[in-house]
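If you want the building blocks of each chain, they are given just below.
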Amino acid sequence: MNIHEYQAREIFARHGIPVPASEVATTPEEAARAADRFGGSVVVKAQVHAGGRGKAGGVKLAASRSEARTHAERILGMRIKGIEVRRVLVAPAEEIASEAYVGIVLDRARQADTIMVSSEGGVDIEEVAATMPEAIRKLAVDPRYGLLGHQAALLGYHLYEDPRVARQAASILARLYEAYRASGATLAEINPLIVNADGDVTAIDAKMNIDDNALFRMPEIAALRDVEAENPAEVRAREARLSYIQLEGNVGCCVNGAGLAMATMDLVKYYGGEPANFLDIGGSSNPDKVVAALELITEDPSVNSILFNIFGGITRCDDVANGIVEATSRMEPGVPITIRLTGTNEEQGVAILADHGFEAMVDMDRAVETAVRRGA
Ligand code: GDP
Ligand code: MN
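Residues numbered from 1 in each chain as written. Chains lettered and ligands numbered in written order. Predicted model: local features only at pLDDT ≥ 70, side-chain atom pairs only at ≥ 80, totals over all residues. Heavy atoms only, no water.

Student: Explain helix α3 (residues 65-75) here, please?
Tutor: Residues that lie three or four places apart on an α-helix share one face, since the helix turns once every 3.6 residues. Looking at α3, one finds that the buried residues are A68, H71, A72 and I75. Down the axis of α3, the sector holding all buried residues measures 100 degrees, keeping them to one side. Along its buried surface, α3 packs onto α2 (28-38), β2 (42-46), β3 (59-62) and β6 (88-92). Phi for G77, located one or two positions after α3, is positive at around 95 degrees. (Buried < 20%, exposed > 50% of the residue type's maximum accessible area, 1.4 Å probe, protein only. Helix = DSSP H or I, 4+ residues; strand = E, 2+ residues; numbered from the N terminus. Arc of directions from axis to C-beta. Contact = heavy atoms within 4.5 Å.)

Student: Can you help me understand the packing of helix α5 (residues 149-159) against helix α6 (residues 163-182) in this one?
Tutor: Two quantities define a packed helix pair, namely the angle between the axes and the distance from one axis to the other. As a packed pair, α5 and α6 sit with axes 7 Å apart at the nearest point and diverge in direction by 130 degrees. As summarised for this structure, α5 and α6 are arranged oblique, according to the angle between their axes. Once α5 is placed against α6, the crossing between them reads as right-handed. Of the residues in α6, those in contact with A152, A153, L155, G156 and Y157 of α5 are P163, A166, A169, A170 and L173. Of the residues contributing to the contact of α5 with α6, the split by class is nine nonpolar, one polar and no charged. (Axes fitted to C-alpha atoms, helices over the stretch in contact; angles between N-to-C directions. Parallel < 35°, antiparallel > 145°, perpendicular 65-115°, else oblique. Left-handed = near helix turned anticlockwise from the far one by under 90°. Nonpolar A, V, L, I, M, F, W, Y, C, P; charged D, E, K, R; others polar.)

Student: How do you make sense of the pattern of salt bridges when you look at a structure like this?
Tutor: Side-chain pairs of opposite charge can arise where the charged atoms are in close proximity. The tally for this structure, following the rule as stated, stands at 27 salt bridges. Two residues, E5 and K45, come together in a salt bridge whose shortest N-O distance is 2.7 Å. Taken together, the positions of E5 in helix α1 (residues 5-14) and K45 in strand β2 put the pair 40 residues apart, joining distant regions of the chain. Residue class for E5 comes out buried when judged on its relative accessible area of 4%. Across the pair R110 and D107 runs a salt bridge whose closest N-O atoms are separated by 3.5 Å. Where salt bridges share partners, they join E5, R9, K45, R53 and D205 into one cluster. (Salt bridge = Lys/Arg side-chain N within 4 Å of Asp/Glu carboxyl O.)

Student: Hey, could you run me through the domain arrangement of the protein chain in this one?
Tutor: Frequently, the measure chosen for interface size is the accessible area that the parts lose on association. The assigned domain composition of the protein chain is domain 1 (21-92), domain 2 (96-222) and domain 3 (234-375). Summarising the inter-unit geometry, the C-alpha centres of domain 2 and domain 3 are found 41 Å apart. (Domains from an automatic or database assignment.)

Student: Would you explain the site of ligand 1 in this entry?
Tutor: In the neighbourhood of ligand 1, 16 residues make up the surrounding shell, with K45, R53, G54, E94 and E99 lying closest. Between ligand 1 and the protein, one listed contact pairs a nitrogen atom with a backbone N or O atom of E94 at 2.8 Å. A distance of 3.1 Å is found between an oxygen atom of ligand 1 and a side-chain nitrogen or oxygen belonging to D205. Coverage of ligand 1 by the protein amounts to 80% of the 570 Å² it exposes when considered alone. Elements that contribute at least two residues to the shell around ligand 1 include exactly β2, β3 and β10 (185-195). Within the shell around ligand 1, the residues separate by chemical class into seven nonpolar, four polar and five charged. Per-domain counts for the shell around ligand 1 show at least three residues from each of domain 1 (21-92) and domain 2 (96-222). (Near = heavy atom within 4 Å. Polar contact = N/O pair within 3.5 Å; in protein donor to acceptor, adjacent residues only side chain to side chain. Areas by Shrake-Rupley, 256 points an atom, 1.4 Å probe, with all protein chains shown as cover.)

Student: Which parts of the structure should I look at to understand the coordination of the manganese ion (ligand 2)?
Tutor: The expected angle between donors at a tetrahedral four-coordinate metal is 109.5 degrees. At an octahedral six-coordinate metal it is 90 or 180 degrees. Distances from the manganese ion (ligand 2) to its protein donors, N191 (O) and D205 (OD), fall within 2.1 Å. Highlighted residues: N191 in strand β10 and D205 in the loop between β11 (201-203) and β12 (207-210), separated in sequence by 14 residues. Each member of the pair, N191 as well as D205, carries the same accessibility label: buried. (Donors = N, O, S within 2.8 Å, 3.2 Å for Na, K, Ca; no water.)

Student: How should I be thinking about empty space enclosed by the protein in this particular structure?
Tutor: All told, the structure shown has two cavities of 30 Å³ or more when counted by the stated rule. Of the pockets and cavities examined, the largest cavity occupies roughly 50 Å³. Lining the largest cavity are H4, Q47, V48, I83, E84, V85, R86, R87, D226, E228 and A229. (1 Å grid on protein atoms, 1.4 Å probe; cavity = no way out; pocket = protein on both sides within 12 Å on 5 of 7 lines; lining within 4 Å. Points joined across faces, edges and corners; volume = space filled by probe spheres on them.)

Student: Where do I start with the packing of aromatic side chains in this structure?
Tutor: Think of a pair of aromatic rings as described by two things: how far the centres are apart, and how the planes are tilted against each other in angle. Following the criterion strictly, the structure yields two aromatic pairs and no others. On the basis of an interplanar angle of 15 degrees and a centroid distance of 6.5 Å, the ring pair of Y177 and Y180 is categorised as stacked. Taken together, the residues span about one helical turn, with Y177 and Y180 both in helix α6 at a distance of three residues. For Y180, a relative accessible area of 2% gives the class buried. (Phe/Tyr/Trp six-rings, centres within 6.5 Å; stacked < 30°, edge-to-face > 60°.)

Student: What am I meant to see in the pairing of strand β16 (residues 305-312) here?
Tutor: Looking down a regular strand, the side chains alternate between one sheet face and the other. Buried residues dominate β16, accounting for seven of its eight residues. Alignment of strand β14 (residues 251-255) against β16, held across five bridges, turns out to be parallel. Residue pairing in the sheet places G252 in a bridge with I306 of β16. In the sheet, β16 pairs with strand β17 (residues 337-343) via seven bridges, with the strands oriented parallel. Among the inter-strand pairings, L307 is bridged to a residue of β17, identified as T338. Read from β16 through helix α11 (residues 317-330) to β17, the crossover connection turns out right-handed. (Pairing = 2+ DSSP bridges. Right-handed = clockwise from strand over helix to strand, strands pointing away.)

Student: Would you mind going over the pairing of strand β7 (residues 98-107) with me for this structure?
Tutor: In terms of burial, β7 is a largely internal element, seven of the 10 residues being buried. Across seven bridges, β7 lies against β10 in antiparallel orientation. What sits directly across from V105, in β10, is L187. Relative to strand β8 (residues 112-118), β7 runs antiparallel, the two being bridged by seven bridges.

Following this line, the structure appears as structure tokens:
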């Protein structure tokens, strides 16, 4: 789950990370009033679940109340990476002496929470990683001990020479790690971490991703979810209890079981296609789920071929067949459907589909190849 910068700022501040005061505004007038309260220059920042807001024109400095209003007018309602901006954050503008990057991610390859720091801050860290990986220092944290004092200190000194500043950075890293652990995060990032006009280290951006599987034990974090800022298809999938992730391709996949779904996506790629989604309808025999799944898939305008890949175990092929028949009678998908069914009640399933003009296949390779060809 993604949360907004203003929410991550609150979490960081609660863990003792120095973060400048800020207010959230939903109208230009509110932004102007916030600027009044802070006095002096402010920064107006789009609050969306997307990085690179600065480059997209979603972060603007304002020297006056009226300028803050003008910027808020322009930023509210703009789209950044397809997401509409509904809120802006207003904060006193900091004078920046230097910009660094600090972040913690769950690194699956290292199987560890990994801290990354770089004095190449403010810019796109993926770009730094690609063009000058040596500029990023990484440390895998052993969860038995957490981030040890000397480790934090070394990272602090990697960023700054001045001991006073390096110690501030070390303390921020320790607190960032605490915030990350306490929130069930898979990512906590400050980019940029700045040295301000007073020579103090301060976070002027905040980003966190939360592990969906940790939310059940943290209702106060779960409550931060902003459904309006999320992909509407993924929101509806979650409500229908389907595991659905929208991807970039054209072959819509409807599969039962996460492992089979992954194998299906691999095979789509193997035959030269691109999956439009990951979709696991789960192990139950519920035709409503099939209907919900087909609706989700067909609403994606990039889908021009639909593939059902069903391995009947607990799921019964006849139930899925009924679901497909019912779903296609409720709505005309308008694109070819390829169906592979095998396992429990396969014969009944194939017969139900044949009655309604669908040819079901048993061979997975053949079905995937056909679906890819139909979408080519
Ligand atoms: P992002 O582009 O979405 O990561 O948004 P950031 O919050 O990181 O802002 C982008 C850039 O705007 C930063 O790297 C800074 O250079 C600049 N910026 C943000 N806040 C301030 C501020 O308070 N003062 C100044 N001078 N620049 C700022
Ligand atoms: Mn940033």
